[in-house]
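# Observations on the model geometry
Spelled out from the first residue to the last, the chains are:
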Amino acid sequence: MTQHLPPLKVGVAGAGVMGRNHARVLCDIRDFDLTAVFDPDAATAEGVAGLYDAKAFTTAADFVAAGLDAAVVATPNRHHAELGVALLEAGVHVLVEKPIAATVADAQRMIDAAHANDRVLMVGQVERFNPAVDAVKRAIDGDQVISIQVTRVGPFPPRMGEVGVVIDLAVHDIDIIRHLTDSEIVEVQPQLARTKAEREDTALLQFRLANGTIAHITTNWVTPYKVRTLQVATMNRFVVADLMTRQVTEYFGQQADGSYQTRAVNSWPAEPLKKELEAFAHAIRTGEPPAVTGEDGLRNLEVALRCLGEG
């Protein structure tokens, strides 16, 4: 990263769980200077801003006019597009939390605003920066992927309000599947159930990709403990990753008698959110496309909405 340039003045919109995480990590990155925190609740905005010597804002209009270089939008999904477009039109680079927006049309509005104003629009698909996902991507490089299975389950999170597991959790794995295959999802077969929540809290999602890979996501809020696992079968190997412990194991060289070899794949210790925000800074500094583009966010959202029968 370039060291001699002055830091980018950055703000965080939405001081909930993710917004607070972003604020904490931004203060750890030399390329950023956290100067603004926006939340409609004054006590929340002031509480987080006070921790980092930033200015608190309680209206979106004042936040947009705060003279920022960059902003992280971590508000509820339904506000992403309105605030994101306003920031982009004000010349501010935007990292928007996943999902990019509540609707495909809103996502497209943000993409168009980024292009029209020559600003970076990056989508916060943080699992893309998980060292274990990176290790799997390296391990399967050059291999034909046959199938991918992702399990992302756990207890009901008290913070959830307006979305179910497909938008909250499966969007991560839709992105991982597209990232690992460099292909697009062309068929979806969703099975959804609602047990304790207002929206679906259990989903089994099956996909076929343009390159022939098949994929399956198991996700729910009814398992009493968290599991985050990724399994990838290729023509030559089978790779298993625990996305929480970041342990990655590769099985290969299967013999006629059923025996095979295994090896641990190194995954480097790193905080995924820090890697994501550093990638955002890199895109701003270099003018290169961001690691997760607005179009990526749009594709992920399209697939998720198709799973919900809303696409």
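The text that follows walks through the structure, step by step, so that each part is easy to find. Not measured: the values here are computed from a predicted model.

Under the criterion given, the structure shown has 19 salt bridges. Taking the shortest distance from any N to any O, the salt bridge between R24 and E271 comes out at 2.9 Å. Taken as a pair, R24 in helix α1 (residues 17–26) and E271 in the loop between β14 (261–265) and α8 (272–286) lie far apart in primary sequence, 247 residues in all. When its relative accessible area of 34% is taken as the criterion, E271 is described as partly exposed. For R237, the salt bridge is made with E250, and the minimal N-O distance between the two is 2.5 Å. Of this pair, R237 sits in strand β12 (residues 237–242) while E250 sits in strand β13 (residues 248–252), placing them 13 residues apart in sequence. Looking at R237, the relative accessible area reads 22%, which means it is partly exposed. Exposure remark for E250: the relative accessible area of 1% places this residue in the buried category. Salt bridges linked by common partners bring R128, D175, R178, E184 and D296 together as one network.

Before going further, it helps to spend a moment on the sheet that holds strand β4 (residues 70–73). Taken in spatial order, the six strands of this open sheet run β3-β2-β1-β4-β5-β6, and their pairing is parallel. Every interior strand has two partners, whereas the edge strands, β3 (55–57) and β6 (121–124), have only one. Across the sheet, the axes of successive neighbouring strands diverge by a mean angle of 25 degrees, strand direction being ignored. Pairing geometry for strand β1 (residues 8–13) and strand β2 (residues 32–38), over six bridges, is parallel. Bridge pairing in β2 links V10 to L34. In the packing of α1 onto the sheet, the strands contacted are β1, β2, β4 and β5 (93–97), and the crossing angle to β1 comes to about 160 degrees.

For the rest of this paragraph, the subject is unusual backbone geometry. In this model, K98 is joined to P99 through a cis peptide bond whose omega is -10 degrees. Within the fold, P99 resides in the loop between β5 and α5 (104–116). One non-glycine residue, D53, lies in positive phi territory at about 60 degrees. Structurally, D53 is set in the loop between α2 (42–51) and β3. One non-glycine residue, D118, adopts positive backbone phi at about 55 degrees. As for its position among the elements, D118 is in the loop between α5 and β6. Residue classification places D118 among the exposed positions, given a relative accessible area of 62%.

Once that is clear, we can look at helix α7 (residues 165–181). With 17 residues, α7 should reach 24 Å at 1.5 Å per residue; the first-to-last C-alpha distance of 23 Å fits that figure. Helix geometry: α7 is bent most strongly at V171, by close to 40 degrees. The buried fraction of α7 amounts to 17 of the 17 residues, a majority that puts the element mostly inside the structure. Residue D182 follows α7 closely and has a positive phi angle near 50 degrees.

Right, let's talk about the packing of aromatic side chains for a bit. Centre-to-centre distance and the angle between the planes together describe a pair of aromatic rings. Per the stated rule, a full pass over the model turns up six aromatic pairs. Arranged with centres 6.4 Å apart and planes meeting at 50 degrees, the rings of F238 and Y251 form a pair that is tilted. You can see F238 sitting in strand β12 and its partner Y251 sitting in strand β13, a full 13 residues away along the chain. F238 sits in the partly exposed class, given a relative accessible area of 32%. Cluster of aromatic residues (ring-pair linked, three or more members): F38, F57 and F63.

Criteria and thresholds
Residues numbered from 1 in each chain as written. Predicted model: local features only at pLDDT ≥ 70, side-chain atom pairs only at ≥ 80, totals over all residues. Heavy atoms only, no water. Salt bridge = Lys/Arg side-chain N within 4 Å of Asp/Glu carboxyl O. Helix = DSSP H or I, 4+ residues; strand = E, 2+ residues; numbered from the N terminus. Buried < 20%, exposed > 50% of the residue type's maximum accessible area, 1.4 Å probe, protein only. Pairing = 2+ DSSP bridges. Axes fitted to C-alpha atoms, helices over the stretch in contact; angles between N-to-C directions. Contact = heavy atoms within 4.5 Å. Expected span 1.5 Å × (residues − 1). Bend = angle between axes of the 7 residues up to and from the residue. Phe/Tyr/Trp six-rings, centres within 6.5 Å; stacked < 30°, edge-to-face > 60°.

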